[in-house]
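Coordinate analysis (summary)
The primary structure of each chain is shown beneath.
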2 protein chains.
Amino acid sequence: MARAAAGPEIERLIQLLARLPGLGPRSARRAALHLVKKKEQLLDPLASALAETRDTILTCETCGNIDTQSPCTLCRDNTRDRSMICVVEEVGDLWALERAAVINGLYHVLGGTLSPLDGVGPDDLTIPKLIDRAADPQVTEVLLALNATVEGQSTAHYLMDQLAGCNVAVSRLAQGVPIGGELDYLDEGTLAAAVKARKAM
Amino acid sequence: MARAAAGPEIERLIQLLARLPGLGPRSARRAALHLVKKKEQLLDPLASALAETRDTILTCETCGNIDTQSPCTLCRDNTRDRSMICVVEEVGDLWALERAAVINGLYHVLGGTLSPLDGVGPDDLTIPKLIDRAADPQVTEVLLALNATVEGQSTAHYLMDQLAGCNVAVSRLAQGVPIGGELDYLDEGTLAAAVKARKAM
């Protein structure tokens, strides 16, 4: 019989923290204790930050990014190249590309991949909106930066077909050996892709 | 050059989440995205739970437990055995013992261990208060449930000396092979303690 040593408020906080990815029941308990111990330095600012996020967060109506304004900071940024749209599955992918600072164009977040078995069709993703955006004469390239998974790649093929009508070049990310990757640890699919796309030195 | 794809509010939330034990910068980012995606189910209740914790949390003036009232729920509980005080280092230890439901007495949270090198003396912990509590004629046993570390054990020895004046039996947790433990993976200190404290079957 497990008993609760703390009040119901803290038990509730622990249960909610345990639902964050990367935290289990035990680490949620540790996190809650840490929060309570560091009240001024951590609990107060985190409570405020969460409340502020809750009250201000929006999904950008243009690209699907998450921000406190719509259109988002990236879509509003006039220094970005409006001729290119980089298509990603999730907001996390957009953030990863922005961290690498490798895309100077705009983005489009699909919200997932096509999955007929799970009943996820084109209208459940933001595919119609992407086709609209790609039809803008300003846009000349659509880069399909989808995950190198079966779902990602079949969605990419579907998008390629759909974008054939628009006057845009459709590209995809290069596949091959990741930087720092050791051949011994790579799967056969990656090695095959790297050999097939080999470059003259 | 890393760029922020989301607004400063979200970057701030990520930085705060990264300071929780068990979450690094990368998992904090994932947690923040997860929160934003599950706004109704997770972000809203977590923001409320944190605000409520911030506004209601107290340290029990008697035992040092964390609760929303002082004296805490455990100290107020009249069904508990007031003749025994179980001394622990941190609130997390108290919670662990309560989860196991093995202590029916009261607790006393020291707030750490003695550490002369770090300038932590008896007055930096709640040791004077413990001596006061142990002097109560109602108290007959003090169980020193400190960690089986050098710091925990030297603090236990100090407490034993201090409690010699009070009319209480001082005990400590048994040491030995943990339940489910395989001898092959146990350190020599544990094995030595288990052999030394062996019991007739």
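Computed from a predicted model, the values in this text were never measured in an experiment.

Structural notes on the sheet that holds strand E5 (residues 141–144) of chain A
All names here are of chain A. Within the open sheet, the four strands sit side by side as E4-E3-E5-E6. Their pairing is parallel. The two strands at the open ends of the sheet, each matched to only one other strand, are strand E4 (106–109) and strand E6 (169–172). Strand-to-strand twist in this sheet, taken as the mean axis angle between neighbours without regard to direction, amounts to 25 degrees. Where E5 lies against E6, four bridges are found, and the strand directions are parallel. Following the sheet pairing, Leu-143 is matched in E6 by Ser-171. Seen against the sheet, helix H6 (residues 127–134) touches strand E3 (84–88), E4 and E5 and runs at an angle of roughly 155 degrees to E4. In the packing of helix H7 (residues 150–163) onto the sheet, the strands contacted are E3, E5 and E6, and the crossing angle to E5 comes to about 165 degrees.

Thoughts on the relation of the copies chain B and chain A
Rotating chain B by 179 degrees about the axis while translating it 0.1 Å along that axis superimposes it on chain A, leaving an RMSD of 0.1 Å. This pairing of chains is accounted for by a two-fold axis. When C-alpha positions in chain B are compared against the rotation axis, the closest is assigned to Ala-47 of chain B, at 2.9 Å. Here 100% of the interface residues in chain B have copies in chain A that are interface residues too; the copies meet face to matching face.

A closer look at the pattern of salt bridges
Residues and elements named next belong to chain A. Counted by the stated rule, this structure contains 10 salt bridges over all chains. Across the pair Lys-39 and Asp-44 runs a salt bridge, and its minimum N-O distance is 3.6 Å. Of the residues examined, Asp-44 reaches a relative accessible area of 22% and is grouped as partly exposed.

Regarding the side chain of Arg-80 of chain B
All names here are of chain B. Here Arg-80 shows up in the loop between helix H4 (73–76) and strand E3 (84–88). Arg-80 sits in the buried class, given a relative accessible area of 6%. Here Gly-105 takes part through its backbone oxygen, which lies 2.8 Å from a polar atom of the side chain of Arg-80.

Details of the interface of chain B and chain A
Tallying the contact residues gives 61 residues for chain B and 61 residues for chain A. Carbon and sulfur atoms supply 69% of the area that chain B and chain A bury against each other, a total of about 5,600 Å² over both sides. A salt bridge links Lys-37 of chain B to Glu-90 of chain A, with the shortest nitrogen-to-oxygen separation between them at 3.3 Å. Summed over the shared surface of chain B and chain A, the result is six residue pairs in polar contact (both at pLDDT 80 or more). The set of elements that each furnish at least two residues to the side of chain B that touches chain A consists of helix H1 (8–17), helix H2 (25–37), helix H3 (39–56), strand E2 (66–67) and helix H5 (91–100) of chain B. Per element, the largest residue contribution to the side of chain B that touches chain A is 16 residues, and it comes from H3 of chain B. Across the side of chain B that touches chain A, the residue classes tally to 34 nonpolar, 11 polar and 16 charged.

Notes on the pairing of E5 of chain A
All names here are of chain A. With four bridges connecting them, E3 and E5 associate as parallel partners. Among the inter-strand pairings, Cys-86 is bridged to a residue of E5, identified as Leu-143. Following the backbone out of E5, through H7 and into the adjacent parallel E6, one traces a crossover that is right-handed.

Overview of the layout of surface pockets
All names here are of chain A. Counted as a void, the largest pocket has a volume near 890 Å³. Lining the largest pocket are 28 residues; nearest its centre among them are Ala-148, Leu-173, Ala-174, Gln-175 and Gly-176. Listing elements by their share of the lining of the largest pocket, those giving two or more residues are helix H5 (91–100), H7 and helix H8 (188–196). Here the residues of the lining of the largest pocket are counted per class, giving 16 nonpolar, seven polar and five charged. Considered as a void within the structure, the second largest pocket measures approximately 380 Å³ in volume.

Re the UniProt feature "zinc finger region: C4-type" (unreviewed entry) in chain A
Here, the residues flagged by UniProt with the feature "zinc finger region: C4-type" (unreviewed entry) are residues 60–75 of chain A. In the segment residues 60–75 of chain A, helix accounts for 19% and strand for 12%; the C-alpha atoms at its two ends are 8 Å apart.

A look at unusual backbone geometry
All names here are of chain A. Residues Ser-70 and Pro-71 are joined by a peptide bond in cis, for which omega reads 0 degrees. For Pro-71, the location among the structural elements is in the loop between strand E2 (66–67) and helix H4 (73–76). Look at Ala-101: it is not a glycine, yet its phi comes out positive at around 55 degrees. In this structure, Ala-101 sits in the loop between H5 and E4.

What to know about the packing of helix H2 (residues 25–37) of chain A against helix H3 (residues 39–56) of chain A
Residue and element names in this part refer to chain A. Two elements in contact, H2 and H3, have axes whose closest approach is 6 Å; the angle formed by their N-to-C orientations is 110 degrees. With respect to H3, the element H2 is oriented roughly perpendicular. Contact residues: His-34, Leu-35, Val-36 and Lys-37 in H2; Lys-39, Leu-42, Leu-43 and Leu-46 in H3. Residue composition of the contact of H2 with H3, grouped by class: five nonpolar, one polar and two charged.

So, how was this worked out
Residues numbered from 1 in each chain as written. Chains lettered and ligands numbered in written order. Predicted model: local features only at pLDDT ≥ 70, side-chain atom pairs only at ≥ 80, totals over all residues. Heavy atoms only, no water. Pairing = 2+ DSSP bridges. Helix = DSSP H or I, 4+ residues; strand = E, 2+ residues; numbered from the N terminus. Axes fitted to C-alpha atoms, helices over the stretch in contact; angles between N-to-C directions. Contact = heavy atoms within 4.5 Å. Least-squares fit on C-alpha atoms with pLDDT ≥ 70 in both. Salt bridge = Lys/Arg side-chain N within 4 Å of Asp/Glu carboxyl O. Buried < 20%, exposed > 50% of the residue type's maximum accessible area, 1.4 Å probe, protein only. Polar contact = N/O pair within 3.5 Å; in protein donor to acceptor, adjacent residues only side chain to side chain. Buried area = accessible area lost by both parts, 1.4 Å probe. Nonpolar A, V, L, I, M, F, W, Y, C, P; charged D, E, K, R; others polar. Right-handed = clockwise from strand over helix to strand, strands pointing away. 1 Å grid on protein atoms, 1.4 Å probe; cavity = no way out; pocket = protein on both sides within 12 Å on 5 of 7 lines; lining within 4 Å. Points joined across faces, edges and corners; volume = space filled by probe spheres on them. UniProt positions renumbered as here; feature names shortened; annotations may be inferred. Parallel < 35°, antiparallel > 145°, perpendicular 65-115°, else oblique.

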